[in-house]
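Letter by letter, the chains look like this.
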Amino acid sequence: MTIRRRPHPRWGQRAAALLAGCAVLYVVAATAASTDLSSAWRALGEKNAVALGLLRGQLEGLWSSGPLPLHMALAIGQSPTLLSGQEAVMALWRTEEEDDSGPPAPDTEIENVLPPEPTAPVPEESVEAPTPLIFADNGVQARTLAPASPDGYVVTGDVYISNRSSRSFDETLFDGTFAAALSEEEGPKVLIVHTHGSEAYTMPAGQEYEPSGDSRTTDCAYNVVRVGDELARTLEEAGIGVVHDPTLHDYPEYSGAYGRSLAAVETAMAEYPSLSLVLDIHRDAISDVDGTPYKVVSSVAGVNAAQMSFIIGTDGGGLEHGGWQENLKLAAALQQRLLDRFPSLMRPISVRDSRYNQHVSPGALLVEMGAAGNSLDEALLSARLLGQAIARTFPAGNEGAQASEN
């Protein structure tokens, strides 16, 4: 009689236990770096999950969450030299992987110009935080102005220049250099003035000011002097010393304002020989053909910034100003730097016959910070952007001929 032997019961139990043990080891190794149920579940389906888990256990501990590619782990494990420096190698890998893991981090420059989160004051010293920007709708129609074609403009790079003067120039003038440079002397480097300091903006409901004229006020919390404050603060945060003259040269009398502001500029430059840049901050006034005002804006980080424009004077009006080309070259270089980051922030540069006191320095510029229809906060945002662009164009110890290349 033939007897068919059955497997011994102990062998079956051992096989089942072995399979169960393998399953447990698989789950432990594959999910070693997981911190919750969902990530553990995903890890079970990953390619090379077991190998990666075991290598992590050997090289950096089972509970490490840092990713480690299989080929890199094998290389480290086989080399005593690399194994001794595994922590540094994996730290470097994590840094590179974070940089490549998704879209670029938000531009810190844009973050810096937006309202900072409120913080508690430091007990040892009183620090006054900048006024938060609200961006409330002031009810004025918004437009973004940009040239439709290069016709009628001198174009260099992304910069459009409208020549309304009697002087001629072309794109060959712009070779990437300019004469303006920060002085090496100790002391402030930038002078901010306001020939028409009472120029103001259209405030949202509840933020009205006491007017001194059409879109004008002597209250320097609401006119372009406040914009100069913001520009000065931004430059000083970048380490560039500023003299800000808040004098209203257009009040109580508008006529003769440029003569009065020139006297103030010359006095300041005599007192501070280190002054290199002279910024005359204004705001424009723009309206439709029917006289309805509108504001000019550029979207920056989801909010409206006031479009800016540089006004460059020449000697076309008969006043001495032989170096006007250098003012223009500086304006073009600075505008290109702004457009590189904010393509619609700048309106075309306007070149005119009037001198605008720019003969005092190759670094003298007249800046239109938005228009009367803009809100103050839109202009303040643009002041921050302009200040940061100036700081990048004129780092400490620079030379003007090199600044535009950075």
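Higher on the page you've got the structure.
In this report, we go over the structure that sits alongside the text. (Residues numbered from 1 in each chain as written. Predicted model: local features only at pLDDT ≥ 70, side-chain atom pairs only at ≥ 80, totals over all residues. Heavy atoms only, no water.)

Structural notes on the packing of helix α10 (residues 324-341) against helix α11 (residues 376-393)
Right, so step 1: At a minimum axis distance of 10 Å, the contact between α10 and α11 shows a crossing angle of 115°. Viewed along their axes, α10 and α11 form a crossing whose handedness is right-handed. Counting all contacts with α10, which are made through Leu334, Arg337, Leu338 and Arg341, the residues of α11 involved are Leu385, Leu386, Ala389, Ile390, Arg392 and Thr393.
Right, so step 2: Across the contact of α10 with α11, the residue classes break down as six nonpolar, one polar and three charged. (Axes fitted to C-alpha atoms, helices over the stretch in contact; angles between N-to-C directions. Helix = DSSP H or I, 4+ residues; strand = E, 2+ residues; numbered from the N terminus. Left-handed = near helix turned anticlockwise from the far one by under 90°. Contact = heavy atoms within 4.5 Å. Nonpolar A, V, L, I, M, F, W, Y, C, P; charged D, E, K, R; others polar.)

A short note on unusual backbone geometry
Right, so step 1: Tyr251 connects to Pro252 through a cis peptide bond whose omega is 10°.
Right, so step 2: A positive phi angle, near 55°, is found at Tyr356, a position not held by glycine.
Right, so step 3: Looking at the secondary structure, you find Tyr356 in the loop between β10 (349-352) and β11 (364-371).
Right, so step 4: According to the relative accessible area criterion, Tyr356 is buried, its value standing at 18%. (Buried < 20%, exposed > 50% of the residue type's maximum accessible area, 1.4 Å probe, protein only.)

A look at the pattern of salt bridges
Right, so step 1: Enumeration over the complete set of coordinates arrives at eleven salt bridges.
Right, so step 2: Between Asp288 and Arg143 there is a salt bridge, and its shortest N-O distance comes to 2.7 Å. Here Arg143 lies in strand β1 (residues 142-143) and Asp288 lies in the loop between β6 (277-284) and β7 (295-300), a separation of 145 residues in the sequence.
Right, so step 3: Judged by relative accessible area, Asp288 falls into the buried class, the value being 18%.
Right, so step 4: In this structure, a network of salt bridges that share partners links the residues Arg226, Glu230, Arg233, Glu237 and Arg384. (Salt bridge = Lys/Arg side-chain N within 4 Å of Asp/Glu carboxyl O.)

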